[in-house]
Number of protein chains: 2
Amino acid sequence: MHSSFPQKADLDRAYTQVRKYAHRTPVLTSSAINNIAGCELYFKCENLQRGGAFKFRGATNAALSLPQDKLQKGLATHSSGNHAAALCIVAGMLGVPAYIVMPETAPAIKVAAVKGYGGKITFCKPTLEARESTLNQVVEQTGATFIHPYNNYDIIAGQSTACRELLEDVPDLDAVIAPVGGGGLMSGTALSAVNFGKKGIKVFGAEPEGADDAFRSKRDGVIYPSVGPKTIADGLLTSLGDKTFPIICELVDQIITVSDHEITAAMRLIWERMKTVVEPSGATVLAAVIKSGDLFKGKKTGLILSGGNADIPKINWEL
Amino acid sequence: MHSSFPQKADLDRAYTQVRKYAHRTPVLTSSAINNIAGCELYFKCENLQRGGAFKFRGATNAALSLPQDKLQKGLATHSSGNHAAALCIVAGMLGVPAYIVMPETAPAIKVAAVKGYGGKITFCKPTLEARESTLNQVVEQTGATFIHPYNNYDIIAGQSTACRELLEDVPDLDAVIAPVGGGGLMSGTALSAVNFGKKGIKVFGAEPEGADDAFRSKRDGVIYPSVGPKTIADGLLTSLGDKTFPIICELVDQIITVSDHEITAAMRLIWERMKTVVEPSGATVLAAVIKSGDLFKGKKTGLILSGGNADIPKINWEL
C-alpha cells in the first residue's frame, strides 16, 4: 500500500474518534434478496447513521483532527447534500459554527435541512467559480476550516469506519462493495478491507452509467472530470480527487456501472423487502451485485448502503 | 375484564407459541419525531415482522392452537392482504397447505405475493356472497380450517404478543396506540396493555376518517358495518366482529380518527426520519398522536407500526 495513503494507525485513530459519536449502524440481511442475487448479502445500514448518511463519520473525524483553536473557529464547506448536513450536525455537537456555501438554485428541501441542523448558509451563483470564491471569502472572514467532502485523508479515514464495523460483525466477507462519487467512501472502504478484511477479500465499486467518470478514470489511469452527469443517484455526480484516485486505482478491484433503471429496481427491492429507505446512490451497490451475478455467485458480500436521504414523493420509479 | 375475553393464560400460551417462530421486532425511537409530537414515542416495528406485518403472530397462534389432525389438512381464508400472506408463510413453515380465496379483481401484486409464499389460490367473483360460498366449498373439499383474519380469539391472542414485547422493552409506557381495522390487533394490544402494562396505562386506537366504523360503533355501542370505506389505509377497511367489538368497547379508552392527508404526512415522517417503510395503515398511529397533541403531551407512548407492505411507486403523496 502506497505510503502516502492513510495508514493503519490513521484508521485506528479515526475509529476511536468516530465511534464516540456515530451510531453503530446495524447490518441487515434478507433471504428474499439473497435468493434473487444468488449470494449472501450483508447490508451495512448507513442510512440509519446520524444525518441519514455515512458522511457523519468523515465529518466527525475531520473535525476532531483539527487543533482546538482552529476547530473553535468553525467548519466550512460547499456542499448542499449529505456532507453539508453532516458537517452541521458535527459542528453543533462540538459547539462550533458551520458555514455552508450553497447555490441560489439549491432545492428548498436541502436548504431547510441545513438550516434545521443549525448551519449558517451563504448563497452564491450556481457556478463552480462563484462557489469557490464565495467559500474562500467565508473562510477568510470567519477563520473556519474548509472541510472538503472527500478529497481529504481525515475524511477518508473517517469513512473507513463503516466498512471496519461491518468487518467486525461479519469477519469472513469474500467481497465488499461501495458506491463511488468523489471516492471518499470508496477509498475508506478499500482501506478497511485491505487492512482488516480476510486475505484476498475483493473490493468493488458501484457507479451510475450516467456518471461513470470513476470507471473511466480507473481504466485509463487519469482523472476525468465528471462532465454533465445524468443519473438518479444524485450523491454520485462528482469527480474523483487527487487523494481518492490513487487509492481507488491501487486498492479497488473493479468498478461496476449500473443504469438508472437497475438502480431504481434495486432501490425498490431494498425498500420493499427490507423495509428500509435508501437513497438512489445507496442502491447502486445492490444493482451492481445483481447485474454482475457471476462475479458474486455464492460469495459473502458486504454492501455499504451509503444513505437514506431522498425527496421521497419526487422519486421517479418509472426509470 | 369480561370472562369471555382471552385470559392471561391464553395470552401466555400465545406468547410461548408465537415467540418460537416470529421475529422479535425492534423498537425504534426518533428524537426528531419526538420533537414534532411533543412526547416520547416508541415504535414497535411490525413492518419488520415475517411477511411484513403483525399478522404472522395471529396466524402462527391460530395454526398452533389447532389439533394436529386438523392442522395437517391445512389453513384457509378469504383475504388478499397481509393475513393471507401470513397464513401462507405459517402453513409453509409447518408443512401444511394454505388455501386462499381471492376476488378475480385482486391486484396482480397481491396474487403474486400469495403465490410466492406457496398459497393455493381459488378465485371468485368480487362479491361478499361469492367469497363466502367459495370459501365454504374449499373448506368442504379440503378439510382445511378457516382462520378468520381477526374475529377469532386465537388470532387476537396472537396479535397481543406485539404489544407484550413492546411492554417488556419499555415497561413504563403511559399509553399505547394501535390501528383499528377489524380489531384483531387493537383487541390484542388492549389485552396486553391491561394485563402487562403499568397500572392506569391508556389504550388508544387510530382509524381513518374514511373508514370510521369502529369509532362510531364504540360511541354508539353497536357494530356498524363498514360501508363503502374510502381511505389510503387499505388494511383498515373491514368492520369489527362480535369478538373484537366487546373487547374494544371495554378496554380501549378512545379511538382517534385521522384524515388521509394526516396519514400520508405521518407516513412520510416515518419514512424520512426513521428510514423505515410503513404502509398507510401503520402510519395512522403517528397521525393520531400528532393530531391529538394534548392527549399525549409528555407521555411515554408506544405505537404499533402494524406493517410495511405497500405498492410503493403507486402511493399518492399528494393526499
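These numbers were taken from a predicted model, which means no experiment stands behind them.

The rules behind each value
Residues numbered from 1 in each chain as written. Chains lettered and ligands numbered in written order. Predicted model: local features only at pLDDT ≥ 70, side-chain atom pairs only at ≥ 80, totals over all residues. Heavy atoms only, no water. Salt bridge = Lys/Arg side-chain N within 4 Å of Asp/Glu carboxyl O. Helix = DSSP H or I, 4+ residues; strand = E, 2+ residues; numbered from the N terminus. Buried < 20%, exposed > 50% of the residue type's maximum accessible area, 1.4 Å probe, protein only. Least-squares fit on C-alpha atoms with pLDDT ≥ 70 in both. Contact = heavy atoms within 4.5 Å. Pairing = 2+ DSSP bridges. Buried area = accessible area lost by both parts, 1.4 Å probe. Polar contact = N/O pair within 3.5 Å; in protein donor to acceptor, adjacent residues only side chain to side chain.

Is there a simple way to think about the pattern of salt bridges in this case?
When the charged atoms of two side chains with opposite charge come close together, those side chains can pair. Scanning the model with the defined rule gives 36 salt bridges over all chains in all. Linking Lys291 of chain A and Glu209 of chain A is a salt bridge whose minimum nitrogen-to-oxygen distance equals 3.2 Å. One end of the pair, Lys291 of chain A, is in helix H13 (residues 280-291); the other, Glu209 of chain A, is in the loop between strand E8 (202-208) and helix H10 (213-220), with 82 residues separating them in the sequence. Relative accessible area serves as the criterion here: at 39%, Lys291 of chain A is assigned to the partly exposed category. The partly exposed category is assigned to Glu209 of chain A, whose relative accessible area is 40%. Between Arg57 of chain B and Glu165 of chain B there is a salt bridge, with the nearest N and O atoms lying 3.0 Å from each other. On the criterion of sequence distance, the pair formed by Arg57 of chain B in helix H3 (residues 55-64) and Glu165 of chain B in helix H8 (residues 153-169) is long-range, its members being 108 residues apart. What makes Arg57 of chain B buried here is its relative accessible area of 0%.

Looking at this model, I keep getting lost on the relation of the copies chain A and chain B. Mind explaining?
Relating the two copies of this chain is a rotation about some axis coupled with a shift parallel to it. Aligned on chain B, chain A shows an RMSD of 0.0 Å; the corresponding rotation is 180° and the shift along the axis is 0.0 Å. Such values leave the two copies arranged in the relation of a two-fold axis. Using C-alpha coordinates, one finds that chain A approaches the rotation axis most closely at Thr276 of chain A, a distance of 2.3 Å. Here 100% of the contact residues of chain A are again contact residues in chain B; the copies associate through an equivalent surface.

I keep staring at the pairing of strand E10 (residues 300-305) of chain A and nothing clicks. Help me out?
Residues in a regular strand point their side chains to alternate faces of the sheet. All names here are of chain A. With 6 of 6 residues buried, E10 lies mostly within the body of the structure. Residues Lys300, Gly302 and Ile304 point to one face of E10 and Thr301, Leu303 and Leu305 to the other, with burial holding for every one of them. Looking at chain direction, strand E2 (residues 40-45) and E10 are connected through 6 bridges and run parallel. Residue pairing across strands places Phe43 opposite Leu303, the latter belonging to E10. Bridging between strand E7 (residues 175-179) and E10 involves 3 bridges; their strand directions are parallel. Bridge assignment links Ile177 to a residue of E10, and that residue is Leu303.

What should I look at first to understand the interface of chain A and chain B in this one?
Put simply, an interface is often sized by how much accessible area is lost when its parts join up. At the junction of the two partners, chain A supplies 18 residues and chain B supplies 18 residues. Buried surface at the junction of chain A and chain B, both sides included, amounts to about 1,400 Å², of which 63% is carbon and sulfur. Of all residues in chain A, the largest losses of buried area upon contact with chain B belong to Lys275, Ile312 and Pro313 of chain A, amounting jointly to 44% of the total for that side. Counting across the interface, chain A meets chain B through 2 salt bridges. Here Arg268 of chain B ties to Asp311 of chain A by a salt bridge, and the two come within 3.2 Å at their closest N and O atoms. Inspection of the chain A/chain B interface yields 10 residue pairs in polar contact (both at pLDDT 80 or more). Broken down by element, the side of chain A that touches chain B gets its largest block of residues, 4 residues, from helix H12 (residues 260-274) of chain A.

Spatial relationships are all this shows, so hold off on functional conclusions.
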